[in-house]
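So the chains spell out like this:
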Number of protein chains: 2
Amino acid sequence: MRELAGGYVERDWRTEVEGTVRFALIGIGWWTTDVAIPALESTELCRTTVLVSSSAEKAERAATDSGVEHGITYDEFHDGAAADAYDAVYIATPNAYHLEYVETAARLDKAVICEKPMEATVERAERLVETAEEHDVPLMVAYRMQTEPAVRRARRLIDDGFLGDPVQVYGNNSQPLLEMIPDPDQWRLDPDLVGYGTSVMDLGIYPINTARFLLRRDPVAVQARLSSSHDAFSDVPDERSSLLLHFEDDVHMVATSSQNAQRDSQLKITGTEGQIDLRPAFGGECALALTQGDVTVEAAHDSLDAGSEMELEFDYFADRVLGGAPIRPDGRHGLIDMRVIEAIHRADRTGGTVEL
Amino acid sequence: MRELAGGYVERDWRTEVEGTVRFALIGIGWWTTDVAIPALESTELCRTTVLVSSSAEKAERAATDSGVEHGITYDEFHDGAAADAYDAVYIATPNAYHLEYVETAARLDKAVICEKPMEATVERAERLVETAEEHDVPLMVAYRMQTEPAVRRARRLIDDGFLGDPVQVYGNNSQPLLEMIPDPDQWRLDPDLVGYGTSVMDLGIYPINTARFLLRRDPVAVQARLSSSHDAFSDVPDERSSLLLHFEDDVHMVATSSQNAQRDSQLKITGTEGQIDLRPAFGGECALALTQGDVTVEAAHDSLDAGSEMELEFDYFADRVLGGAPIRPDGRHGLIDMRVIEAIHRADRTGGTVEL
């Protein structure tokens, strides 16, 4: 057991390619400023050269503050401004704007790493994937858990049979959104910008996607209960959400998420022979506990904050772009989450089971 | 926080009554022999005077082994044998036999503590409750978590607002039944004896009932996914189960249970302001962790094994019987779990939501 729980290889995906991918960052919210920009500074293979925001002032101020060469507006980006200064775009705008930036990036022949969820609706996400495919540009969906070393270690253990047969999965991802961003008019609460809803799109997507990645299986049916009671959540159906997912090979999953609760994240997979528990799971400092029978071992490793997780994700993306190699998770992978989330919202409205 | 997490009062329910309640134990399986009999020996207020089993040999051998005065058969019990030697019965037979022993005990004017689930079906459980009421004998359902000191501490914290508003509950209770009892023909896998199924009736009932007790709220709607794949579970629908329960006041609950998985138990309640996590929760050694914001404190206490939990439960029951005071959890309380479990099995068959 102790041997199984030994140190991680942080960059088990790293090839021998060298070089630099220059990034335009689109959407300069707190995540980009506080997490993505510092993360890119720490990478081996990436450099930020362009910031793209709503106004010239905001873009230029952000560029100056961060020591980035170019600050341009959304309109200028669409017009091809500074196109020679970057090789790839990172899209971290509200969900409903992802497609238009992918369309321009694809037209300009830029590689794309796009935040999750991919778009506001399944139909727009499909157009996004098709756009990247038509222009033959690399597209990665920014599921940073898939390059998280603890998660990758867990996946190898599952591949090696540590759990026996997987039986049940539990996931939770909750946070107090209005304490983090004290604005009832923020985009995550606006159906036109966020899409189907807020807690599944923004939080529940973590346990769903990470379970898919760990188990190498996808959901085949969903049931759900979504509800909102706080005034700030009156336009979205899912201040809180409870999900029951049925995966391939009869693996069961239950999950909860909430945008108005004590912060907590956990992903626990129980099998016939063992259990893997990631807690915290999704907000940085990912910790892995392994149990078989009466023995539980905490895996030994340097835990990573969310920024360090982003650093690995960007370097993975750059490694694949520089090497011209396939990128996972790609657009087709992300589309499955979009279809699962749409099915979850439909299941809630009907009270029944939606097959996928 | 540290103050909140301080020591427990183990017997916060204890009154000043003194005396002894003499028990007949009905059903001499491993639970009774290994856990209940030693627990009763450790109590303040209880004494075992009669063991009731299938054959005279088995009953007498068990009585001799345990130093108990009387060992009688089920038939002798129904005929009133040794009725002067006990004041109360503890029923730990297969579920489908509970009713008949309650009928005899009630006729003999004995107090009853009956293992959970109360019976194999809602209809038989209703008859059980009505029988006790008609004969005016005390009836307690043996939910030992309700006298577990860590659980009672958690309940007082919730009453005092520690969680803010409760938002979401997660429960799991899983065990490798065939490793514990290596017999594919055991009663927990026989629908005639166990009732609706095995994992919800035997294991899922713990998180459901403990959540009801902690939140002082009941489920109002359920969704479920039950499945069996292992050969030994071919006669029951729920080798594994996943539940989605909607409680009063829009509290969500998800829960899993399995009779064929790594042992694990957890009950986690997340609110707008805090979180309470019991882990392990249901198999003894119950441990309580309290979180508000970024601070988590493990509650300090001597953890109790399942036998010590039974000791408290028996003494609580005896205290109430000796004092002639109302007993909680009573039969009406237990009936709600039976109705919830029946609704869960119905929800699984329809794939829809069953309102309660």
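Per chain, residue numbering runs from 1 following the sequence as it is written. Chains carry letters from A onward and ligands carry numbers from 1 onward, assigned in written order. With pLDDT at 70 or above as the cut-off, local features in this predicted model cover only qualifying residues; side-chain atom pairs require 80 or more to be listed or tallied, and sums for whole chains, interfaces and linings still use all residues. The basis for every side-chain value is the complete set of heavy atoms in the structure, and neither hydrogens nor water enter the calculation.

### Some details on unusual backbone geometry
All names here are of chain A.
- Cis rather than trans, the peptide bond between K116 and P117 has omega equal to -15°.
- Numbering of helices and strands runs from the N terminus; a helix is a DSSP stretch of H or I covering at least four residues, while a strand is a stretch of E covering at least two. With respect to the helices and strands, P117 occurs in the loop between β5 (111-114) and α5 (122-134).
- Across the junction of R328 and P329, the peptide omega takes the value 0°, indicating a cis bond.
- Here P329 shows up in the loop between α10 (306-323) and α11 (331-350).
- Phi is positive for D136, which is not a glycine, with a value near 55°.
- Secondary-structure assignment places D136 in the loop between α5 and β6 (139-141).
- According to the relative accessible area criterion, D136 is exposed, its value standing at 65%. Relative accessibility under 20% of the residue-type maximum defines a buried residue, over 50% an exposed one, and the middle range a partly exposed one, all with a 1.4 Å probe and only protein chains included.

### Re the relation of the copies chain B and chain A
- Least squares is used to superpose the copies, and the fit set is the C-alpha atoms of residues whose pLDDT is at least 70 in both copies. Rotating chain B by 180° about the axis while translating it 0.0 Å along that axis superimposes it on chain A, leaving an RMSD of 0.0 Å. Look at the turn and shift together and you get a two-fold axis relating the two. Across chain B, the smallest distance between a C-alpha and the rotation axis is recorded for G352 of chain B, namely 2.0 Å.
- In this assembly the copies share their binding face: 100% of the residues contributing to the interface of chain B also contribute to that of chain A. The contact criterion used throughout is that any non-hydrogen atoms of two residues lie within 4.5 Å.

### Re the interface of chain B and chain A
- Taken together, the contact pairs 47 residues of chain B with 47 residues of chain A.
- By buried area we mean the combined loss of accessible area, with a 1.4 Å probe, across both parts when two parts are placed together. Carbon and sulfur atoms make up 45% of the surface buried where chain B meets chain A, a total of about 3,600 Å² over both sides.
- If you sort the residues of chain B by the area they bury against chain A, R225, R240 and Q262 of chain B come out on top, with a joint share of 20%.
- Put simply, a salt bridge is a Lys or Arg side-chain nitrogen that is within 4 Å of an Asp or Glu carboxyl oxygen. In this assembly, chain B and chain A are joined by six salt bridges.
- A salt bridge links D264 of chain A to K268 of chain B; its shortest N-O distance comes to 2.6 Å.
- Whenever two N or O atoms come within 3.5 Å, that pair is a polar contact, provided that in protein one can donate a hydrogen and the other can accept it, and provided that, for residues adjacent in sequence, both atoms are side-chain atoms. In this structure, the connection of chain B to chain A is made through 35 residue pairs in polar contact (both at pLDDT 80 or more).
- Elements with a contribution of two residues or more to the side of chain B that touches chain A: β7 (166-176), β8 (219-227), β9 (240-247), β10 (252-258), β11 (260-271), β12 (275-278) and β13 (288-292) of chain B.
- Considering every element that reaches the side of chain B that touches chain A, the biggest residue donor is β11 of chain B, with eight residues.
- Residues belonging to the side of chain B that touches chain A are distributed by class as follows: 12 nonpolar, 26 polar and nine charged. Following the grouping adopted for this structure description, the nonpolar residues are Ala, Val, Leu, Ile, Met, Phe, Trp, Tyr, Cys and Pro, the charged ones are Asp, Glu, Lys and Arg, and the polar ones are all others, Gly among them.

### Looking at the domain arrangement of chain A
All names here are of chain A.
- Once the domains are mapped, chain A shows domain 1 (11-143) and domain 2 (149-303 + 327-355).
- Residue ranges for the domains originate in an automatic or database domain assignment. Look at where the C-alpha atoms of domain 1 and domain 2 centre, and you get two points 25 Å apart.
- Contact between domain 1 and domain 2 buries roughly 2,100 Å² in total, counting both sides, with carbon and sulfur atoms accounting for 65%.
- Of all residues in domain 1, P117, V122 and Y143 bury the most surface against domain 2, accounting for 25% of the area lost on that side.
- The partner of R339 in a salt bridge is E126, with the nearest N and O atoms 3.0 Å apart.
- For the pair domain 1 and domain 2, the interface holds 11 residue pairs in polar contact (both at pLDDT 80 or more).
- Of all the elements in the fold, those that place two or more residues in the side of domain 1 that touches domain 2 are α5 and β6.
- Looking at the side of domain 1 that touches domain 2, the element that brings in the most residues is α5, giving six residues.
- Classifying every residue of the side of domain 1 that touches domain 2 by side-chain character gives 16 nonpolar, three polar and six charged.

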